[in-house]
Amino acid sequence: MRTQAAILWEPGTEWKVEDIELDPPRAGEVLVRVATAGLCHSEEHHRNGDVPFAAPMIGGHEGAGYVEATGPGVTLVRPGDYIVFSSIPNCGRCPSCAEGRQHLCDLGAGIMKGRQIGDGTARHHAGRAAGGPDLGISCLVGCHARHTVVNEASVIPVDATAAPEVACLTGCGVATGWGSAVYAGGTRPGSSVAVVGCGGLGSAAIQGARLAGARHVFAIDPVPFKRDKARDFGATHVAETVTAARGLVREVTWGRMCDVVVLTMGTGRADLMDDILALAAKRGRIVVTNIYPVRDGGPALALNGPALNGIAAWEKQLVGCIFGSVNSRADIPRLLGLYSDGRLDLTGMVTRTYPLEDINAGYQDMRDGRNIRGVLVM
Ligand SMILES: NC(=O)c1ccc[n+]([C@@H]2O[C@H](COP(=O)([O-])OP(=O)(O)OC[C@H]3O[C@@H](n4cnc5c(N)ncnc54)[C@H](O)[C@@H]3O)[C@@H](O)[C@H]2O)c1
Ligand SMILES: [Zn+2]
Ligand SMILES: [Zn+2]
């Protein structure tokens, strides 16, 4: 069939919205009519050359839509079902999935290639005729498009209570931010939590910390609008920079500092790591969720320096986090349930919506700090 998608042909260029040819779903695959798709910062790292990708690629891994057709053997969904895409596929039976770590599913190994999980070939082709060049799909989803074909491992059927404009966020940004604070960070009642970078992920991390019972939530972001919104989402204190936050955190926590520090900056800053470590308490956990440009050098860490920075002396923990360490089949419906009950604010996270053809304007607004999340409405 003919449809339209936003394609990145090479780094350093803009997204191009073009007609594409989409093959029917094969075994284990699902044709989805995309309703909405969030503008996650991860695509921007490919666009600006910070993180390599297999070009050309259709963007989009945070979306919601409706199943239009299924290939042979699909048992999870049927035409008409409402789904949220899982930005990491999960099979449910590899060792990671079996241990309850669907975010680490072995199917993630093929994510950078962007080809179908079942047979490694492409269903998406550039141009108006069959046989055009193959297109990869971001995170094996490719939902910056009117339609896409994905493996059933990438779809989570959900109930229709949440509109697609908000439901889509749970497929990446909200699950990742929330899980960074709650699962990877291990926020508990009474915890002191700092969130560095209060965009799409950070706003969800703040809400996760609040829901998990944090006593203090420090929101750190250079953009005044983000700090104002952070207070709406549950931040108790705000600061413009990591460096400026140090004195504030020390004063508010009586020198104990933060049990959890979540890193959700748009672009990870290796040069800030010493100041970030200084925000952490004894046994404090720093959750590295944001992505660093591949060309950047590593951080120079004072591993056994002054007490505040001493990883050994204070048993500080530096942990990585992919997709919020969530089990998407359980956690996406869980998050939508919290939204339905009025306890998780997704509506306040969608600042602006755009038609597909305005995707570059949407990403410009993200770069300009104007959006918590921009959402494409197909
Ligand atoms: N690990 C994962 O699974 C995963 C998943 C999705 C996104 N990400 C990454 O997480 C990061 C955040 O994504 P997002 O979509 O929320 O981005 P975003 O653009 O919505 O938000 C980033 C925020 O960081 C702020 N910021 C920038 N520099 C800062 C600094 N020095 N100190 C404090 N705040 C700063 C910006 O003002 C902005 O509000 C990106 O790097 C993205 O690629 C990781
Ligand atoms: Zn994302
Ligand atoms: Zn698996």
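In the block above lies the structure referred to throughout.
Residues numbered from 1 in each chain as written. Chains lettered and ligands numbered in written order. Predicted model: local features only at pLDDT ≥ 70, side-chain atom pairs only at ≥ 80, totals over all residues. Heavy atoms only, no water.

Colleague: Hey, could you go over the packing of aromatic side chains for me, with residue numbers and the actual values?
Modeller: Evaluated as defined, the whole model comprises two aromatic pairs. Measuring from centroid to centroid gives 5.2 Å for Tyr66 and Tyr82, while their planes differ by 20°, and the two rings are stacked. Of this pair, Tyr66 sits in strand 5 (residues 63-70) while Tyr82 sits in strand 6 (residues 82-85); the two residues are 16 residues apart in sequence, bridging distant segments of the chain. Tyr66 gets classed as partly exposed once you look at its relative accessible area, which sits at 25%. We classify Tyr82 as buried; its relative accessible area is 8%. Taking 5.4 Å as the distance between ring centres and 85° as the angle between the ring planes, the aromatic pair formed by Trp178 and Tyr183 counts as edge-to-face. Trp178 sits in the buried class, given a relative accessible area of 6%. Directly above the ring of Trp314 sits Lys282, whose terminal nitrogen or CZ lies 5.9 Å from the centroid. (Phe/Tyr/Trp six-rings, centres within 6.5 Å; stacked < 30°, edge-to-face > 60°. Helix = DSSP H or I, 4+ residues; strand = E, 2+ residues; numbered from the N terminus. Buried < 20%, exposed > 50% of the residue type's maximum accessible area, 1.4 Å probe, protein only. Lys NZ or Arg CZ within 6 Å of the ring centre and 35° of its normal.)

Colleague: An account of the coordination of the zinc ion (ligand 3) is needed here, citing residue identities and associated values.
Modeller: Within the protein, the zinc ion (ligand 3) binds to Cys91 (SG), Cys94 (SG), Cys97 (SG) and Cys105 (SG); these donor distances fall in the range 2.3 to 2.4 Å. Around the zinc ion (ligand 3) sit four donor atoms; with metal-centred angles ranging over 105 to 118°, the donor geometry is tetrahedral. Here the donor residues for the zinc ion (ligand 3) map to a single chain with the spacing C-x2-C-x2-C-x7-C. Its relative accessible area of 7% is what places Cys97 among the buried residues. Look at Cys105 and you get buried, because its relative accessible area is 4%. (Donors = N, O, S within 2.8 Å, 3.2 Å for Na, K, Ca; no water. Tetrahedral: all angles 85-135°; square planar, octahedral: opposite > 155°, others 65-115°.)

Colleague: Give me the lowdown on helix 9 (residues 328-340), citing residues and values where you can.
Modeller: With 13 residues, helix 9 ought to run about 18 Å at 1.5 Å a step, and its terminal C-alpha atoms sit 18 Å apart, in line with that. Along helix 9, the residues classified as buried are Ser328, Asp331, Ile332, Leu335, Leu336 and Leu338. Along the axis of helix 9, the buried positions cluster into a sector of 155°, meaning they face one direction only. Buried residues along helix 9 sit against strand 6, strand 10 (155-157), helix 3 (164-167), helix 4 (173-184) and helix 5 (200-211). Of the residues flanking the end of helix 9, it is Gly342, one or two places downstream, whose phi is positive at about 80°. (Expected span 1.5 Å × (residues − 1). Arc of directions from axis to C-beta. Contact = heavy atoms within 4.5 Å.)

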